[in-house]
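Below, each chain spelled out in residue letters.
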Amino acid sequence: MASAGKALGFTPEGIINEIRRMARYTEADFRRVDSDPPLDPAATMTRLREVLSEAEAFVVRMPTDRMGLLFIESGVVIQPDPDRLESYHTHAGKRRGHWPTSTEITAAMLEHYKKQHPE
């Protein structure tokens, strides 16, 4: 939602569809990525499709007038509950703006992922 507000003509649905269209990777592409452990191409692509479906379900619920906004709760950027939008502070994306570097943002993203995918 926030990234679509950075450039005219982009929509969240369009960005999701473009990722789907362009995400065509071969096993050789994955072998070229130096990682330990090695990436699992099937698992990675399955997870990408799941994430894109989750994103699509989210943006369908969000009003278009909220495109381009970051939602902040207690000083932390969050994925908002579309039923509680008025309870959040917002920050508008703008051209030539930038994403602030913050260990708190990184930690929050990792924590959200862990909650969604417990081992």
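Above: the structure in question.
A brief look at the structure comes next. (Residues numbered from 1 in each chain as written. Predicted model: local features only at pLDDT ≥ 70, side-chain atom pairs only at ≥ 80, totals over all residues. Heavy atoms only, no water.)

### Focus on the pattern of salt bridges
For clarity, the threshold we go by: Salt bridge, as used here, is a side-chain nitrogen of Lys or Arg placed within 4 Å of a carboxyl oxygen of Asp or Glu. Only protein chains enter the accessibility calculation, which uses a 1.4 Å probe. A residue is then buried if its area is under 20% of the maximum for its type, exposed if over 50%, and partly exposed in between.
Evaluated as defined, the whole model comprises 9 salt bridges. The closest approach of N and O atoms between D29 and R32, which form a salt bridge, is 2.2 Å. Assessed through its relative accessible area of 23%, D29 is described here as partly exposed. On the accessibility criterion, R32 (61% relative accessible area) is exposed. One network of salt bridges, with partners in common, ties together R47, E50 and E54.

### Description of helix 3 (residues 41-61)
Definition in use: Each helix is a run of DSSP H or I of at least 4 residues and each strand a run of E of at least 2, with the numbering of both proceeding from the N terminus. Here a helix's expected span is defined as the number of its residues, less one, multiplied by 1.5 Å. By definition in these notes, contact holds between two residues if any of their heavy atoms fall within 4.5 Å. Polar contacts, as counted here, are pairs of nitrogen or oxygen atoms within 3.5 Å of one another; within protein the pair requires one atom able to donate a hydrogen and one able to accept it, and residues that are adjacent in sequence qualify only if both atoms are side-chain atoms.
Look at helix 3: 31 Å from first C-alpha to last across 21 residues, which is about the 30 Å you get at 1.5 Å a residue. In this structure, the buried residues of helix 3 make contact with helix 1 (12-22) and helix 2 (27-31). One side-chain oxygen at the N-terminal end of helix 3 lies 3.1 Å from the backbone nitrogen of A42; it belongs to D40.

### Quick look at the packing of helix 1 against helix 3
Note the following rule: Structural elements are reduced to axes, namely lines fitted to C-alpha atoms, with helices fitted over the stretch in contact, and the angle between N-to-C directions of any two is expressed from 0 to 180 degrees. By the definition adopted for this analysis, an angle is roughly parallel if under 35 degrees, roughly antiparallel if over 145, roughly perpendicular if from 65 to 115, and oblique otherwise. Each crossing gets its handedness from the near helix: less than a right angle anticlockwise from the far helix is left-handed, clockwise is right-handed. Three classes are used, and their members are as follows: Ala, Val, Leu, Ile, Met, Phe, Trp, Tyr, Cys and Pro are nonpolar, Asp, Glu, Lys and Arg are charged, and the others, Gly among them, are polar.
Between helix 1 and helix 3, the least distance of the axes is 10 Å, while the angle of their chain directions is 165°. Comparing the axis directions of helix 1 and helix 3 gives the class roughly antiparallel. Where helix 1 crosses over helix 3, the two elements pack in a sense that is left-handed. Taking contact as the criterion, the partners of P12, E13, I16, N17, I19 and R20 in helix 1 are, on helix 3, L48, L52, S53, A55, E56 and V59. The residue makeup of the contact of helix 1 with helix 3, split by class, is 7 nonpolar, 2 polar and 3 charged.

### A short note on the packing of aromatic side chains
Defined as follows: Think of it this way: a Phe, Tyr or Trp ring, Trp meaning its six-membered ring, pairs with another when their centres are within 6.5 Å, and the plane angle makes it stacked under 30 degrees, edge-to-face over 60, tilted otherwise.
Counted under the stated rule, the structure contains 2 aromatic pairs. An angle of 80° between the planes, with centres 6.2 Å apart, marks the rings of Y25 and F30 as edge-to-face. Classification of Y25 by relative accessible area gives partly exposed; the value is 49%. A ring pair is formed by F71 and Y88, whose centres lie 6.1 Å apart and whose planes are at 80°; its orientation type is edge-to-face. Of this pair, F71 sits in strand 1 (residues 69-73) while Y88 is found in the loop between strand 2 (76-78) and strand 3 (89-92), placing the two residues 17 residues apart along the sequence.

### Overview of the nonpolar core
Threshold: For our purposes a nonpolar core is just a set of buried Ala, Val, Leu, Ile, Met, Phe, Trp, Tyr and Cys residues, chained together by side-chain atoms within 4.5 Å.
Among the nonpolar cores identified, the biggest contains 10 residues, and these are M1, I16, L52, F58, V59, M62, L69, F71, L85 and Y88. For this core, the elements supplying multiple residues, two or more each, are helix 3 and strand 1. With 3 residues, the single largest contributor to this core is helix 3. Beyond its immediate chain neighbours, meaning those up to four positions away, V59 contacts M1, P12, E13 and I16.

### Quick notes on the sheet that holds strand 1
Spelled out, the test is: Here, a strand pair is defined by DSSP locating no fewer than two bridges between the strands.
Ordered in space as 2-1-3, the 3 strands form an open sheet in which the pairing is antiparallel. The outermost strands of the open sheet, each flanked by one partner alone, are strand 2 and strand 3. Mean inter-strand twist for the sheet, computed between neighbouring axes without regard to direction, equals 45°. Examined bridge by bridge, strand 1 and strand 3 share 4 bridges and lie antiparallel to one another. Of the residues in strand 3, the one forming a bridge with I72 is H89.

The quantities given are spatial measurements derived from coordinates; they are silent on function.
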